[in-house]
Amino acid sequence: MKPNAQINRSPGTATRPAITRPPTSEERRRAQRVLLRMPVLLHLPNRQEPLSAQTHTVSQNGAMILSPEPLAEGTVIALENPRNQKRVDARVVRPPQVAQGGTLVPVEFTTPSPTFWAVFFPPAFN
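Below is a summary of the structure that appears in this document.

Cut-off values and rules
- Residues numbered from 1 in each chain as written.
- Predicted model: local features only at pLDDT ≥ 70, side-chain atom pairs only at ≥ 80, totals over all residues.
- Heavy atoms only, no water.
- Buried < 20%, exposed > 50% of the residue type's maximum accessible area, 1.4 Å probe, protein only.
- Helix = DSSP H or I, 4+ residues; strand = E, 2+ residues; numbered from the N terminus.
- Pairing = 2+ DSSP bridges.
- Salt bridge = Lys/Arg side-chain N within 4 Å of Asp/Glu carboxyl O.

## Describing the pairing of strand S5 (residues 76–81)
- For S5, the tally of buried residues reaches 5 of 6 residues, placing the bulk of the element in the interior.
- As judged from the 3 bridges shared by strand S2 (residues 39–43) and S5, these two strands associate in the antiparallel manner. When the sheet's bridge partners are listed, His 43 is paired in S5 with Ala 78.
- In this sheet, strand S6 (residues 86–92) lies alongside S5 in antiparallel orientation, the contact comprising 6 bridges. Opposite Val 76, over in S6, you have Arg 91 as the bridge partner.
- The hairpin turn running from S5 into S6, its antiparallel successor, is 4 residues long, and Gln 85 in that turn takes a positive phi close to 60°.

See the structure below:
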């Protein structure tokens, strides 16, 4: 291109129209998920011994837990992080899904607990 040459653009080519698609599930998330496999203890109502499980993914708001037993949607549990002995109340937010090695149980903290997992979370997209 020659120096000082002008580019002729039609009025409609300078900007792109806004995309009007619905946001993806990743864009709707309140916090990023982190793949983290670590042991956890699930303290269930009416059960003396905690259930040993492990995380699949974690976020600042909860986790996806790989549990040897399914937990019903709406069940409130005390989730314990054995690495730092912290406990937080959590609620099962959807029905569990059968997975290899157990069932995937999605839980959400009942109160904000951003430091429960003791890991750094990347900022959310939105």
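## Brief notes about the pattern of salt bridges
- Within this structure, the stated rule accounts for 3 salt bridges.
- A salt bridge links Arg 47 to Glu 69; the nearest nitrogen and oxygen atoms lie 2.9 Å apart. Of this pair, Arg 47 sits in the loop between S2 and strand S3 (51–59) while Glu 69 sits in the loop between strand S4 (62–67) and S5, and the two are 22 residues apart along the sequence.
- Its salt-bridge partner being Glu 108, residue Arg 91 comes within 3.5 Å of it at the nearest N-O pair. Here the residue Arg 91 occupies a position in strand S6, and Glu 108 occupies one in strand S8 (residues 102–109), the gap between them amounting to 17 residues.

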